[in-house]
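The primary structure of each chain is shown beneath.
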Amino acid sequence: MDEREELLERFLLAEERIREIGKEDILSTEIPEEFRNPLQSFFRETADYLSFCFDVAERLGKGDILQPKLMGRKDISLTEWEEINRGLYRPLTEGRYEESVLNPEKALELGTWGQALSFLYAELLGIPGYLFDGRLFPVVILMELYLEIYGLFCMDEAPLLTSVEEAICYYAEDYAEELTNLRLRDIFLPQDNVARKILEECDLSDPAYLYYYGEYISDTERKLAEFMNSLSEEELEDMAGIFTKGFRRGFETMRIPFAGKNAVAIRYHIGQEPMVRHVVRQFREMGLAPVLYRRAGSRINKRGLINQGYESTPPSRQFHYDHRMDEALFLSRRYLDRKLAAEKRVYEEIADFLPGYAGPAVIETFGEETFLPGAKDAVLRLSEEQRSLSTELMSRSAAQREEYLPGEDYSFSIISWPLPDIGENFPEIFRDTIRVNTLTNEEYTPLQQCLIDAMDQADHVLVEGRGENKTRMSVKMRRLERPEKETQFENCVADVNIPLGEVFTSPVLEGTEGVLHVSRVYLNRYLFLDLCLTFKDGLVTDYSCGNYADPEAGKRYIEENILFQHKTLPIGEFAIGTNVPAYRMAKKYDILGKLPILIVEKTGPHFAVGDTCYSHSEDTAVYNPDGKEIISRENSFSKLRHTEPEKAYFNCHTDITIPYEEIGRIAAVYPDGREVALIENGRFVLPGTERLNGEEA
């Protein structure tokens, strides 16, 4: 029996057993009565959900579960596709999540087993993606885990919590290699998968194609696809060209050899296919095959190199937030060692292909409804030891990746487009975004050079807020030994980072201090209100936000979503955004709070906490258009990369922007005490930069 036949046999045996669970009432009589009925309901609900998934797989596979036939199905109407999709994500839609055991608070009704069973249910929701990809292995091991845990509750005695948690730990550890192998190959190697077929073979005028992914499809994706199909081929070609040409220019700007590159990882939002089809074709004309993969559906597989591939609107953002630390159930030294060993083996196996990897090409979106997650005490949280393991895992995983795929060997490109969720002005905002994304380097390069020239000889730069903004930061600059050949700031125009519009540096940490405050900012897809960070010698020493009545809840929110479990982080970047047209667009439509950091960082000064912009590429010389070398590529942490690499990087970088309207003053302060104002009361005042103010700035 070959591996394929063995997998299918395991699947069929597990499927038959799961379908029986909904008809049974055989849970241990030793389970306390108050938990017995909720547990019985839990297993029936999850068994019914899995049975529905099996029914869908059988219909799509026409008898062969390993080969779903998705393209151009005329036997399934659009209405039926919609019903299938609703069924696959039913546990998370129409307000059901809060009343489901998927919600950790509701899971308390299952007694001490609640958190573990809530995790189990969350894992099962990754099955649709695997089935639509025709990947039976991850489905089978999840089915077997489910049956193993169900069996524990059917024994003579009530199961110990440790028995349930051990089953989950063994599942995570035993299959770390296989799941890591699948994920890393998806991320780096071109595959003939469902996404490739959709982008290159499907009739994109038929909205049924949206459902071929197996991802959740909402009104957002349907409206986005409809709008994209309303654009002319010329418009789509031009939009794609902005992106792909920027990617190609990145190799020239960073002086990375392009010869031998043959693959590019494209990430996008479902519904953008009419444009992405042009992106794929243009990249193929450069000799780059598309690498396309779905976002990780399993909570145990989110620790890889890159978490997101093509994606859609989450059916419940609170669900993803509540389960963000589910690894607390299995994260241990044993798991860490197995995970890292598995990654190393995969890198060794694909080492001959990695030199051809050109990098990620990322199409971001913005405009989704602002999300302020609810704080719940019942969610899983990492222990102090696990927080240390988590940061170690990220650090060592990044180091292994760097060993086999050095950062200086590939480039990237990133651009952002609005979603229909942004409101009734979506078409107008989309058109204005096109204009923002196509501003010319020729216009901005000399304007930004004026700012650089003023700051290059400064001892430090002062940034002060106005009105209710409490910002007062002093940013320490380096001393240029050869100012005629060296510079501290990068003149960032339109190549890899679209749109253009900023000058940035990696500041000296020692001597950088003060308070950074912003009234409202959207970071990593989460809303922060009244965010305040205090710095000493470039390191975060205190922090708070106004999201929650309990200050400690606000601190935890920052620890998890800005500090990412680190006790502190350094300032990795100081920048001044110059894209006033983007700012005017935001003010015109009142969407400043919905812009992605990619655009909003160009609409004012910003600070990034975490690694520098040159992380893992510090030894590669970078030059501005004027030929000067940018020397501010490292700080006192990243300079340890050769001697103490475990201390050099934090593997995160979060930009925090202060909008122009909250800026009172930015000034370069020279060693003799002289000050030169760059911005006052939100307007550029440095001679030579007045044109940046535009008509309405």
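All values reported here derive from a predicted model rather than from experimental measurement. (Residues numbered from 1 in each chain as written. Predicted model: local features only at pLDDT ≥ 70, side-chain atom pairs only at ≥ 80, totals over all residues. Heavy atoms only, no water.)

It is worth spelling out the side chain of Thr689 at this point. Within the secondary structure, Thr689 sits in the segment after strand S19 (683-684). If we ignore the near neighbours within four places in the chain, the residues touching Thr689 are Leu447, Cys450, Leu451 and Phe684. (Helix = DSSP H or I, 4+ residues; strand = E, 2+ residues; numbered from the N terminus. Contact = heavy atoms within 4.5 Å.)

Inspection of the secondary structure assignment puts Gln386 in helix H15 (residues 384-404). Gln386 sits in the buried class, given a relative accessible area of 10%. In terms of polar contacts, Gln386 uses its side chain to reach the backbone carbonyl oxygen of Leu331, at 3.0 Å. For Gln386, the contacting residues outside a window of four places in its chain are Glu327, Ala328, Leu331 and Arg381. (Buried < 20%, exposed > 50% of the residue type's maximum accessible area, 1.4 Å probe, protein only. Polar contact = N/O pair within 3.5 Å; in protein donor to acceptor, adjacent residues only side chain to side chain.)

The 5 strands lie next to each other as S8-S9-S13-S14-S16, forming an open sheet whose pairing is antiparallel. Edge strands, defined here as strands with exactly one partner in the open sheet, are strand S8 (490-492) and strand S16 (653-657). For this sheet, the mean angle separating the axes of adjacent strands, direction not counted, is 25°. Of the strand pairs in this sheet, strand S13 (residues 571-577) and strand S14 (residues 605-610) are connected by 5 bridges, and their pairing is antiparallel. Across the sheet, residue Ile571 finds its bridge partner in S14, namely Val609. Sheet contacts for helix H17 (residues 441-456): S8, strand S9 (502-505) and S13; angle to S8, the most-contacted strand, approximately 155°. (Pairing = 2+ DSSP bridges. Axes fitted to C-alpha atoms, helices over the stretch in contact; angles between N-to-C directions.)

Let's shift gears to the pattern of salt bridges. Here the structure, examined in full by the defined rule, presents 54 salt bridges. Each of Asp133, Glu215, Arg294, Arg295 and Glu311 takes part in a single network of salt bridges with overlapping partners. (Salt bridge = Lys/Arg side-chain N within 4 Å of Asp/Glu carboxyl O.)

We now examine the confidence of the model for the protein. Here the protein shows a mean pLDDT of 92. Residues at 70 or above account for 97%. Low confidence marks residues 303-307, where pLDDT is under 50. Its contacts with residues over four positions away, or in another chain, come to 20 contacts. (pLDDT = per-residue confidence, 0-100.)

With that out of the way, let us pick up helix H7 (residues 161-174). Here H7 contains 14 residues, and its C-alpha end-to-end distance of 20 Å stays within 8% of the 20 Å for a straight helix at 1.5 Å per residue. Every buried residue of H7 is listed here: Val164, Ala167, Ile168, Tyr171, Ala172 and Glu173. Where the residues of H7 are buried, they touch helix H4 (114-124), helix H6 (136-152), helix H8 (176-188) and helix H14 (333-349). (Expected span 1.5 Å × (residues − 1).)

It is worth spelling out empty space enclosed by the protein at this point. For the structure shown, the criterion picks out 5 cavities of 30 Å³ or more. What lines the largest cavity is simply Tyr321, Arg324, Gly374, Ala375, Lys376, Arg381, Tyr548, Ala553, Arg556, Tyr557 and Glu560. With 4 residues, helix H18 (residues 551-561) is the largest single contributor of residues to the lining of the largest cavity. Of the residues assigned to the lining of the largest cavity, the class counts are 5 nonpolar, 1 polar and 5 charged. (1 Å grid on protein atoms, 1.4 Å probe; cavity = no way out; pocket = protein on both sides within 12 Å on 5 of 7 lines; lining within 4 Å. Points joined across faces, edges and corners; volume = space filled by probe spheres on them. Nonpolar A, V, L, I, M, F, W, Y, C, P; charged D, E, K, R; others polar.)

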